[in-house]
Amino acid sequence: NTMIVTKPRMTMNSFYQINCQYKRGCIHIESDTEYDFRKFFSFQDNDISNSKFKIARGGKFLDLIPFNTSLHFAVSDKMRNIIVENHINGIDFFPIRIDNSVDIWGIMPTSAAGKIENLERLNNLEDETIEFNTSSWDGSDIFYLQDTLCLICTPKVKDILEYNKITNISFTPCIGMLY
């Protein structure tokens, strides 16, 4: 009796990392509350969702609004409304008040997938594309990768945001693998 060993069947799906472009002159916001700049906010972070924000620099309001001292970003009313009206799931929002008006929304992903599978190869500049195992993905339209600030979306979300001409945003392809 001979046992035949085959490689596990792999399937690939295309996804996109949502990136803030940091366009010249765009506003950057700053919180008066300390927060963990390595993690996304959650509903347990009452301090950040109740804190006061100010414009740290810049003058142009764009649709993705970077935080001044971290890789976090907030979104405009326009972008939030597009996400809500299109029933895009996996993300929630908290109001960011500047001068008592709410035109900016903090983002809280409510869905996560596993870790980056090729992190070492990315760090060594051997790979250019993030890979993750889709068996840990719950099918949400937007989600983050475990232990990162990588916000990932499906092609449907990318198409909707591009169609609506969201500003200060770019998309980097990434690969979801099912092992």
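Computed from a predicted model, the values in this text were never measured in an experiment. (Residues numbered from 1 in each chain as written. Predicted model: local features only at pLDDT ≥ 70, side-chain atom pairs only at ≥ 80, totals over all residues. Heavy atoms only, no water.)

Asks: It is not clear to me how the nonpolar core should be interpreted in this structure. Could you clarify?
Replies: Ranked by size, the top nonpolar core spans 24 residues in total, and within it Ile-18, Leu-64, Met-79, Ile-107, Ile-142, Leu-161 and Ile-169 carry the most contacts. Mapped by element, the contributors of at least two residues to this core are β1 (11-20), β5 (73-76), α2 (77-85), β6 (91-98), β7 (101-109), β11 (151-153), α4 (155-163) and β12 (169-178). For Ile-169, the residues in contact, after removing those within four places along its chain, are Ile-18, Asn-19, Gln-21, Leu-64, Met-79 and Leu-161. Counting residues in hydrophobic clusters, the runner-up holds 13 residues, among them Ile-29, Phe-53, Phe-94 and Ile-98. (Core = buried A, V, L, I, M, F, W, Y, C linked by side-chain atoms within 4.5 Å. Buried < 20%, exposed > 50% of the residue type's maximum accessible area, 1.4 Å probe, protein only. Helix = DSSP H or I, 4+ residues; strand = E, 2+ residues; numbered from the N terminus. Contact = heavy atoms within 4.5 Å.)

Asks: Would you explain the pattern of salt bridges in this entry?
Replies: Note that side chains of opposite charge can pair when their charged atoms are close. The final tally for this structure, using the stated rule, is 7 salt bridges. With a closest N to O distance of 3.4 Å, Glu-131 and Arg-121 form a salt bridge. Of the two residues, Glu-131 is situated in strand β9 (residues 131-133) and Arg-121 in helix α3 (residues 119-123); the sequence distance between them amounts to 10 residues. Residue classification places Glu-131 among the buried positions, given a relative accessible area of 16%. Asp-141 serves as the salt-bridge partner of Lys-156, at 3.5 Å between the closest nitrogen and oxygen. Here Lys-156 is found in helix α4, whereas its partner Asp-141 is found in the loop between β9 and β10 (142-145), with 15 residues between them in sequence. (Salt bridge = Lys/Arg side-chain N within 4 Å of Asp/Glu carboxyl O.)

Asks: Even after reading the chapter, I still don't get the packing of aromatic side chains, so can you show me in this structure?
Replies: To describe a pair of aromatic rings, one takes the distance between the centres and the angle between the planes. In the structure shown here, the tally under the stated rule is 6 aromatic pairs. Their ring planes at 40 degrees and their centres at 5.7 Å tell us that Trp-137 and Phe-143 sit as a pair that is tilted. The exposure class of Phe-143 is buried, given its relative accessible area of 0%. A network of ring pairs unites the aromatic residues Phe-15, Phe-132, Trp-137 and Phe-143 as a single cluster. (Phe/Tyr/Trp six-rings, centres within 6.5 Å; stacked < 30°, edge-to-face > 60°.)

Asks: What is the right way to look at unusual backbone geometry in this model?
Replies: For residues besides glycine, phi is generally negative; the peptide bonds are generally trans as well. One non-glycine residue, Lys-165, lies in positive phi territory at about 55 degrees. Examined against the element boundaries, Lys-165 turns out to sit in the loop between α4 and β12. What makes Lys-165 exposed here is its relative accessible area of 63%. Unusually for a residue other than glycine, Asn-168 sits at a positive phi of about 65 degrees. Inspection of the secondary structure assignment puts Asn-168 in the loop between α4 and β12.

Asks: How should the side chain of Lys-158 be read in this particular structure?
Replies: Mapped onto the secondary structure, Lys-158 falls in helix α4. Contact partners of Lys-158, with chain neighbours within four places excluded, come to Tyr-16, Cys-153 and Phe-171.

Asks: Any chance you could explain the side chain of Asn-19 here in plain terms?
Replies: Within the secondary structure, Asn-19 is located in strand β1. Accessibility expressed as a relative area gives 17% for Asn-19, which makes it buried. Setting aside anything within four residues of it in sequence, one finds Asn-19 in contact with Leu-64, Asn-168, Ile-169, Ser-170, Phe-171 and Thr-172.

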